[in-house]
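What follows is each chain in one-letter form.
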Amino acid sequence: QHYIRRVEARASYASDYLPGSVKEWRARRSAIDAWKSKVANIYGESYAHWRMATEKQVDCDGAAGSVYCTVSARPARGWSGWGGYGRYRESRND
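Residues numbered from 1 in each chain as written. Predicted model: local features only at pLDDT ≥ 70, side-chain atom pairs only at ≥ 80, totals over all residues. Heavy atoms only, no water.

Participant: For the sheet that holds strand S1 (residues 7–14), give the residues involved together with the corresponding values.
Facilitator: Strand order in this open sheet of 3 strands is S1-S3-S2, and the pairing throughout is antiparallel. The sheet is open, and its two edges are formed by S1 and strand S2 (54–63), each paired on a single side. When strand polarity is set aside, the average angle formed by the axes of neighbouring strands in this sheet is 15°. In this structure, S1 lies alongside strand S3 (residues 66–74), joined through 8 bridges in antiparallel fashion. The residue of S3 that forms the bridge with Ala9 is Val71. (Pairing = 2+ DSSP bridges. Helix = DSSP H or I, 4+ residues; strand = E, 2+ residues; numbered from the N terminus. Axes fitted to C-alpha atoms, helices over the stretch in contact; angles between N-to-C directions.)

Participant: Can you break down the packing of aromatic side chains residue by residue, with the values?
Facilitator: Summed over all chains, the structure comprises 2 aromatic pairs. Ring centres of Trp35 and Trp50 lie 5.0 Å apart, and the angle between their planes is 80°; on these two criteria the pair is classed as edge-to-face. Of the two residues, Trp35 sits in helix H1 (residues 20–43) while Trp50 sits in the loop between H1 and S2, which places them 15 residues apart along the sequence. Per residue, the accessibility class of Trp35 equals that of Trp50, and both read buried. Each ring, one from Tyr43 and one from Tyr47, has its centre 5.8 Å from the other, and the planes form 45°; the classification is tilted. Summarising the burial analysis for this pair, Tyr43 and Tyr47 share the class buried. (Phe/Tyr/Trp six-rings, centres within 6.5 Å; stacked < 30°, edge-to-face > 60°. Buried < 20%, exposed > 50% of the residue type's maximum accessible area, 1.4 Å probe, protein only.)

From the geometry alone we can't say anything about function, so treat these as descriptive.
Right, here's the structure in full:
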């Protein structure tokens with residue numbers, strides 16, 4: 001077993017025509033998608049579920065028509081589907 005480290009990802013969304021709340025939602029979704037992709041590359045698809053992650057943090061800031069979001073969380077292996085949710089975390093016991 002290995003220790004699962006916190007993973008961070010960033011994204012932005014720019015538009016002069018959309019309200020700030022829409023830009024923030026889109027930037028947040030893009031950052032979470034980037035997080036899932038990064039986690040899948042590091043730990044595998046079974047860890048790339050934002051819903052199952054622990055210690056989640058989302059920070060968004062706006063500037064000059066853009067919104068920038070940074071998300072971070074500790075991936076947790078699990079299965080989610082129609083039958084329910086399971087959460088499994090690796091321990092540091094090597």
